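Overview (structure and organization)
Chain by chain, the residues:
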Amino acid sequence: MNTIYALYKILYKTYGPQGWWPITGYGYHKADYNFPRSENEIFEVCIGSILTQNTTFTSVVKSLENLYAKNALSATAIVSMECDKLKEAIRPSGYFNQKARYILEFIKLYNALAGKVPRREALLDVVGIGEETADSMLLYGYNQREFKVDAYTKRILLELGIIEQKSSYSEVKMLMESSLKECVSNEDELLKVYQEFHALLVEHGKNFYSKKPYGVGCFLKEHLR
DNA sequence: AGCCAGGCTACCG
DNA sequence: CGGTAGCATGGC
């Protein structure tokens, strides 16, 4: 068992299953991996992935509920909305001008897919979709084995001395994926580990890595010694 | 009052 | 290439 997988086991034992990605009208679905359950739920995860950029998820929930209340939580409904109405609905998540554009740009690709799984490269070609957002859509919307790296992931691994400050997104992603593949041979199990691990890192990050100095009281440091 | 949040683009050197 | 201002609202 390598360090990364050991880290996962500690977090899972501490916090348990997280049930990401939460779905409007249902919420988190702990220990139930049969999500998303429909085309519209896949779409919702993708839109949520854009909305959550540099924003708390509670704000995203408000935006998604605004869209839901307008019966506009689908690709066809959003493109037929007035752009100002879209902005109004997603306003709570911040950056509503750019995010409205990003959503409309994404929908072009989404419609062209006709239900198929997008290639990572195709997602990255969409304005407003960077590496983390692409991996978020693929991992939680399309159940693809793509590890999602975020600010907490880097912050925690840096504090533990596992990566360096200058480590790039793809370097961290590859480290996580190669380490986990060594320990988890079953592909379905590996997908679950990717989904839970990222959520667990966020939960742990909120607890010990949101304000400086980072890592005060973090028990991972002791466990990995 | 000020800092941070489940980032990305555009532009700089 | 790596580094950073700007984007905007809400919560604490």
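Residues numbered from 1 in each chain as written. Chains lettered and ligands numbered in written order. Predicted model: local features only at pLDDT ≥ 70, side-chain atom pairs only at ≥ 80, totals over all residues. Heavy atoms only, no water.

**Some points on the domain arrangement of chain A**
- Structurally, chain A comprises domain 1 (3-19 + 147-223) and domain 2 (39-141).
- Placing a centre on the C-alpha atoms of domain 1 and another on those of domain 2 gives a separation of 26 Å.
- Facing 12 residues of domain 1, the contacting portion of domain 2 comprises seven residues.
- In total, domain 1 and domain 2 occlude about 820 Å² of area from one another, counting both sides; carbon and sulfur atoms represent 57% of this.
- It is K148, Y169 and Q195 that lose the most area in domain 1 upon contact with domain 2, and together they represent 63% of the buried surface on that side.
- Here D135 and K173 are joined by a salt bridge, their closest N and O atoms 3.2 Å apart. (Domains from an automatic or database assignment. Contact = heavy atoms within 4.5 Å. Buried area = accessible area lost by both parts, 1.4 Å probe. Salt bridge = Lys/Arg side-chain N within 4 Å of Asp/Glu carboxyl O.)

**What about the protein's contact with DNA strand B?**
- Every one of the 25 residues lining DNA strand B counts as a neighbour, but W21, Y28, G130, T133 and R155 are closest to it.
- Near the protein, meaning within 4 Å, the atoms of DNA strand B are sugar or phosphate in a fraction of 60%, with bases accounting for the rest.
- Measuring from a base oxygen of DNA strand B, one finds a side-chain N or O atom of Y28 at 2.9 Å.
- At the level of elements, α8 (131-141), α9 (151-159) and α11 (187-208) are the ones that each hand at least two residues to the surface near DNA strand B.
- Per-element accounting of the surface near DNA strand B gives the leading share, three residues, to α8.
- For the surface near DNA strand B, the residue count by class is 11 nonpolar, nine polar and five charged. (Near = heavy atom within 4 Å. Polar contact = N/O pair within 3.5 Å; in protein donor to acceptor, adjacent residues only side chain to side chain. Helix = DSSP H or I, 4+ residues; strand = E, 2+ residues; numbered from the N terminus. Nonpolar A, V, L, I, M, F, W, Y, C, P; charged D, E, K, R; others polar.)

**What about the environment of N186?**
- For N186, the location among the structural elements is in the loop between α10 (169-183) and α11.
- Using a relative accessible area of 44% as the deciding quantity, one classes N186 as partly exposed.
- There is a polar contact of 2.9 Å between the side chain of N186 and the backbone nitrogen of D188. (Buried < 20%, exposed > 50% of the residue type's maximum accessible area, 1.4 Å probe, protein only.)

**Section: unusual backbone geometry**
- Residue W21 is bonded to the preceding W20 through a cis peptide linkage, with omega at 0 degrees.
- One can find W21 in the loop between α1 (3-15) and α2 (39-51).
- With omega at -5 degrees, the peptide bond leading from K212 into P213 counts as cis.
- In this structure, A31 is a non-glycine residue whose phi angle is positive, near 65 degrees.
- Along the chain, A31 turns up in the loop between α1 and α2.
- A residue is classified by how much of its surface remains accessible, and A31, at 52% relative accessible area, is exposed.
- With a phi angle near 50 degrees, N143 is a residue other than glycine that sits in the positive phi range.
- By the element assignment, N143 lies in the loop between α8 and α9.

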